[in-house]
Amino acid sequence: MSSEAENLVRVMSPGGSAVGDRKLGETAAKALYESMVLARTFDEKAISLHRQGRIGTYAPMRGQEAAQVGAAAALSDPDYLFPTYRDHAMFVERGIDLREVLLHLLGDGQYVDREEGDDLTTFTSAIPIATQLPHAVGVGMAAKYRGDDVASLVSFGDGATSEGDFHEGMNFAGVFDTPTVFFCQNNGYAISVPRERQTASATIAQKAKAYGFEGVRVDGNDVFAVHDVVSEALEKAKNGGGPTLIEAVTYRRGAHTTTDDPSVYRDEDDAADWLQEDPLDRSRTYLEEEFGWSDEDQEAVEQWATEEVARAVEAAEDHTGYEPEEMFEHAYEEMPAQLREQRRQLPEDPQVGH
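The present account deals with the structure reproduced in this document. (Residues numbered from 1 in each chain as written. Predicted model: local features only at pLDDT ≥ 70, side-chain atom pairs only at ≥ 80, totals over all residues. Heavy atoms only, no water.)

Details of the sheet that holds strand β6 (residues 214–219)
At step 1: The strand order across the open sheet built from five strands is β1-β2-β3-β7-β6, with neighbouring strands paired in parallel fashion. The sheet is open, and its two edges are formed by β1 (80–82) and β6, each paired on a single side. Strand-to-strand twist of the sheet, defined as the mean angle between neighbouring strand axes without regard to direction, takes the value 20°.
At step 2: Of the pairings in the sheet, the one linking β6 to strand β7 (residues 244–249) comprises six bridges and is parallel in character. Across the sheet, the residue bridging to aspartate 219 is valine 249, located in β7.
At step 3: Contacting β2 (152–157), β3 (180–186) and β7, helix α6 (residues 164–176) runs over the sheet at an angle of about 145° to β3. (Pairing = 2+ DSSP bridges. Helix = DSSP H or I, 4+ residues; strand = E, 2+ residues; numbered from the N terminus. Axes fitted to C-alpha atoms, helices over the stretch in contact; angles between N-to-C directions. Contact = heavy atoms within 4.5 Å.)

So, in structure tokens, the structure goes:
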């Protein structure tokens, strides 16, 4: 396998057998696996929907389910999550209905319908690269000032570490000791650029040293190891221990997006090696060896996931949508004159002129 995945925190071997101390019991371990099955089922359906022209450009997450589910499951309800555009499984694990995720992909959703006064702790996906990192640091700093028992986790890819927002966010977090967990899913490629061509650092995790805090590398295809490492970093942050940079080493099995062709720039032999460490296969082996997971259990969870995804697709496509004037409603507390004039100029029939 790739040297990227050597010397990592692990609970499972690459084949799925236990190699570390188990911190999760049977119920919690099975729940993480079930979330990963649901995430992959959703991912496969989303790619199909894109090919049918039913959703727009989609960023596949196959191969990264363990990193996303393990990290999101470590968060408490009041903790803040700042995801990136590939983090569909994080929304699933945070309890956001798949219908809302699909509405976003349809260009017609906001991920979660909130009652007035509810706290917003899971933010929408950041499409620009790394812009969410300073936001997460700022929220963490505010929580520290207020004395809130919460931390913020910001998720991003290895390509984001070449952006200025990454360095600014890391520096600010280190100087002000904010309760922030930087969670990098190092999937090997920033679109078509391999990690070794965008940074001379031997690892992503070691970048934390320049900013005065700890960096940790974890097997990103080991959902239980990811959960443990992120849980420890969150606990440390809440107890005044400051930020942590976690590098979850994984592999993007599919294309960067549904408009990308990875065969142009990627060695498919490398992809075949990583296939041997598929996060779902490893977790299933682990559950079989540790908790007696059966073929009947597998059939049941796959059927449940298929039904959940089908329900979400039907519900999302039945959504009647928003009225055009709603685009003006949430930018300002009090709408300025120019926006009022633009709203007045909307045609009664929104299809006129389009």
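Digging into the environment of alanine 200
At step 1: Its location among the elements puts alanine 200 in the loop between α7 (195–198) and β6.
At step 2: Judged by its relative accessible area of 85%, alanine 200 is exposed.
At step 3: Counting along the chain gives 143 residues from alanine 200 to threonine 57, while the straight-line C-alpha distance between them is 31 Å. (Buried < 20%, exposed > 50% of the residue type's maximum accessible area, 1.4 Å probe, protein only.)

A word on the side chain of glutamate 247
At step 1: Within the secondary structure layout, glutamate 247 lies in strand β7.
At step 2: In terms of polar contacts, glutamate 247 uses its side chain to reach the side chain of asparagine 186, at 2.9 Å.
At step 3: There is a polar contact of 3.0 Å between the side chain of glutamate 247 and the backbone nitrogen of isoleucine 204. (Polar contact = N/O pair within 3.5 Å; in protein donor to acceptor, adjacent residues only side chain to side chain.)

Considerations on the pattern of salt bridges
At step 1: This structure, assessed with the given rule, holds 23 salt bridges.
At step 2: The salt bridge partner of glutamate 232 is lysine 23, with a shortest N-O separation of 2.4 Å. Residue glutamate 232 is found in helix α8 (residues 223–238), and its partner lysine 23 is found in the segment before α1 (26–51); the two are separated by 209 residues along the sequence.
At step 3: Overall, lysine 23 belongs to the exposed group, its relative accessible area being 53%.
At step 4: A salt bridge links glutamate 100 to arginine 99, with the nearest nitrogen and oxygen atoms 2.6 Å apart.
At step 5: According to the relative accessible area criterion, glutamate 100 is buried, its value standing at 8%.
At step 6: Each of Arg10, Asp219, Glu277 and Arg282 takes part in salt bridges that share partners, so that together they form one network. (Salt bridge = Lys/Arg side-chain N within 4 Å of Asp/Glu carboxyl O.)

Here we look at the nonpolar core
At step 1: Judged by nonpolar contacts, the single largest core of 63 residues is most densely connected at Phe42, Phe183, Phe224 and Val230.
At step 2: Considering every element that reaches this core, the biggest residue donor is α1, with 11 residues. (Core = buried A, V, L, I, M, F, W, Y, C linked by side-chain atoms within 4.5 Å.)

Section: helix α4 (residues 98–105)
At step 1: α4 sits mainly inside the fold: six of its eight residues count as buried.
At step 2: Within the sequence span of α4, burial applies to Leu98, Glu100, Val101, Leu102, Leu103 and Leu105.
At step 3: Contacts from the buried residues of α4 go to α1, α3 (88–93) and α11 (295–317).
At step 4: Capping the start of α4 is the job of one residue whose side-chain oxygen sits 2.7 Å from the backbone nitrogen of arginine 99: aspartate 97.
At step 5: Phi turns positive, to about 75°, at glycine 107, one or two residues after α4.

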